[in-house]
Structure formats: structure tokens, C-alpha cells
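A look at the structure
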Amino acid sequence: MAILKIARMGHPVLASAAGPIGDPSAASIKRLVSHMIDTLNDAGGAGLAAPQVHEPLRLVIFHVPAEDEAAKRYKDAGLSKENGEIPLTVLINPGFEPIGEEMEEAFEGCLSIPGMTGLTPRFKRIRYRGLGLDGQIIERNAEGFHARVVQHELDHLDGTLFPFRIADLKHFGFMEEMKRHHAAGEIKEE
Ligand code: NI
């Protein structure tokens, strides 16, 4: 078990584009993924991108737990039909395209920006693909929270952090304060 140090916003590794992985089945990649899984389990959260652990490589891991609060909130708010579990997924050299133009906003956080959250627009539906550790292609449609997590993690590979996408920075702040003042359902356009 190895828990890696997570880079925080301001570190240049989070601000630059990561490079493609030549051999997804290399032992070094398998080892990195195993350490990233340990790190994500320790820190909590839905996903982690390699640049967040100081490795400028196009690799992300994520999962959507069945009982995930945010996924459930989405479903309850009628924003998604989905609150089903997405098991831990490793995506190497991933990409996505939106399905349709529809966007939706929800509060996001990031392990590299601890304690902060902001109302972030994302495509509601996407199709994404990448390689697994076995070099096989993984290709899925996703919507709602699942689609959001993938877009957030893939952004990390291009040096984009969620605050860069917030339309109105009034809706960015400390999680503690935002929770107190922006209870779910009270979030309105101002
Ligand atoms: Ni993040």
C-alpha cells in the first residue's frame, strides 16, 4: 500500500497538459494505478488523475458508488436517471465527446483544491473511451454525475481545474460556507 502526495492548485503539474502513455500494460503503469487507488481510497472522492499525484500522464481512475450522495442528489433533483454504481475504472489515454449540447450545473470539489466547491457547468451526456490496464478499449455512454466525474478527471489531463469552468465566481467558495448558505434546492440563478 502506498499513499501518494496529492498536488494542490498552484503546482505547475496541475496546470499543464499530460503526455500519452505508450504501453498501458507496462509494469510501471500498473504500479502507479495501484498507488493511485490506495491514494483515492485514503482521500475519498470519486476520482483521481495522474497529474494530481505529480505524474504528467494521461491516466485517470474513478468510480461512482451506488450510494453516492451527489449521484443520489442528482436523481432526486430529476437531473439524472442514474444513481447506479460504476465500479472503479482505469482509463488510459482517454477522450470524450458530448452527446447533444445540453449542459447542467452542480457543485464540484477536487482533492487538489481541498475545502472548496463551486457550481460548475458540464455536458449532461457524453460518450467516453480509453484503454484499460489490459490495453483493451473501454467505451461507455454516461450521463449526470457519472458524466460529470469523467469530464472533471479528463480536464485534469489538459491542465484545467473545475474553478476555470465556473460561470459565476459568486458560486465558488469554502465548502463549509457553501453548504450552509446554498442548501441543495436553494441554488438559484442570481
Ligand atoms: Ni479534481
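Everything discussed here concerns the structure shown above.
To start, this report covers the structure provided alongside it. Remember, predicted model here, so these are calculated numbers, not experimental data.

**So, the coordination of the nickel ion**
Cys110 (SG), His152 (NE2) and His156 (NE2) make up the full set of protein donors to the nickel ion, lying at 2.1 to 2.2 Å. Linear spacing of the donor residues for the nickel ion on their chain is C-x41-H-x3-H. Of this pair, His152 and His156 are both found in helix H3 (residues 144-156), four residues apart, which corresponds to roughly one turn of the helix. On the basis of relative accessibility, which here comes to 1%, the residue His156 falls in the buried class.

**A word on unusual backbone geometry**
Not every positive phi belongs to a glycine, and His54 is a case in point at roughly 65 degrees. In this structure, His54 sits in the loop between strand S1 (47-49) and strand S2 (59-64). Given the relative accessible area of 30%, His54 is considered partly exposed. For Asn93, which is not glycine, the phi torsion reads 50 degrees and is therefore positive.

**Here we look at the packing of aromatic side chains**
For the structure shown, the criterion picks out two aromatic pairs. With centroids separated by 6.0 Å and ring planes inclined at 75 degrees, the aromatic side chains of Phe62 and Tyr128 adopt a geometry described as edge-to-face. One end of the pair, Phe62, is in strand S2; the other, Tyr128, is in strand S6 (residues 125-131), with 66 residues separating them in the sequence. With centroids separated by 6.1 Å and ring planes inclined at 70 degrees, the aromatic side chains of Phe162 and Phe172 adopt a geometry described as edge-to-face. Of this pair, Phe162 sits in the loop between H3 and strand S8 (172-174) while Phe172 sits in strand S8; the two residues are ten residues apart in sequence, bridging distant segments of the chain. For Phe162, a relative accessible area of 1% translates into the label buried.

**Examining the sheet that holds strand S3 (residues 86-98)**
Either a parallel or an antiparallel arrangement is found when strands of a sheet pair, and the pairing is made through backbone hydrogen bonds. Spatially, five strands are ordered S1-S2-S3-S6-S7 in an open sheet, and the strand pairing comes out antiparallel. Edge positions in the open sheet fall to S1 and strand S7 (137-143), since each of these has one partner strand only. Averaged over all pairs of adjacent strands, the angle between their axes in this sheet comes to 40 degrees, without regard to strand direction. Helix H1 (residues 27-43) contacts S1, S2 and S3 of the sheet and is inclined by roughly 40 degrees relative to S2. On the sheet, H3 packs against S1, S2, S3, S6 and S7 and is oriented at approximately 160 degrees with respect to S2.

**Some remarks on H1**
Taking 1.5 Å as the rise per residue, H1 with 17 residues should run 24 Å; its terminal C-alpha atoms sit 24 Å apart, in good agreement. Along H1, the positions that sit buried rather than exposed are Ile29, Leu32, Val33, Met36, Asp38, Thr39 and Leu40. Check the buried side of H1 and you find it contacts S1, S2 and S3.

**Here we look at the nonpolar core**
Counting residues in each nonpolar core, the largest one holds 17 residues, and the members touching the most others are Val60, Phe62, Leu91, Ile126, Tyr128 and Val150. At the level of secondary structure, the elements contributing two or more residues to this core comprise S2, S3, S6, S7 and H3. With five residues, H3 is the largest single contributor of residues to this core. Contact partners of Val150, with chain neighbours within four places excluded, come to Phe62, Ile126 and Tyr128. Membership of the second largest hydrophobic core comes to 14 residues, among which are Ala50, Val53, Leu59 and Ile61.

**What to know about the pairing of S2**
Burial analysis of S2 places five of its six residues in the buried class, which makes it a mostly covered element. As defined by bridge partners, S1 adjoins S2 across three bridges and the pair is classed as antiparallel. Paired with Ala49 across the two strands is Val60, which belongs to S2. Where S2 lies against S3, five bridges are found, and the strand directions are antiparallel. Counterpart to Ile61 in the pairing with S3 is Val90.

Criteria and thresholds
- All residue numbers here refer to positions counted from 1 along the written sequence of the relevant chain.
- Only residues with pLDDT of at least 70 get local features here, since the model is predicted, and only at 80 or more are side-chain atom pairs given and counted; chain-wide, interface and lining totals rely on the full set of residues.
- Note: side-chain values were computed over all heavy atoms of the structure, leaving out hydrogens and water.
- We call an atom a donor if it is N, O or S and sits within 2.8 Å of the metal, or 3.2 Å for Na, K and Ca. Water is not counted, so some sites may look partial.
- In DSSP terms, a helix is any run of H or I states spanning at least four residues, a strand is any run of E spanning at least two, and both are numbered starting from the N terminus.
- The buried label applies to any residue whose accessible area, calculated with a 1.4 Å probe on protein chains only, is under 20% of its type's maximum; exposed applies above 50%, and partly exposed to all values in between.
- Pairing of aromatic rings covers Phe, Tyr and Trp, the last through its six-membered ring, and needs centres within 6.5 Å; plane angles under 30 degrees mean stacked, over 60 mean edge-to-face, and all others mean tilted.
- Pairing between strands is defined by DSSP: at least two bridges between them are needed.
- Axis lines are fitted to C-alpha atoms, over the contacting stretch for helices. Their N-to-C directions set the angle, which ranges from 0 to 180 degrees.
- Residue contacts are defined here by distance: any two heavy atoms, one from each residue, within 4.5 Å place the two residues in contact.
- For a helix, the expected span equals 1.5 Å multiplied by the number of residues minus one.
- Side-chain atoms within 4.5 Å link the members of a nonpolar core, which is a set of buried Ala, Val, Leu, Ile, Met, Phe, Trp, Tyr and Cys residues.

Function-wise, these values are silent; they only describe arrangement.
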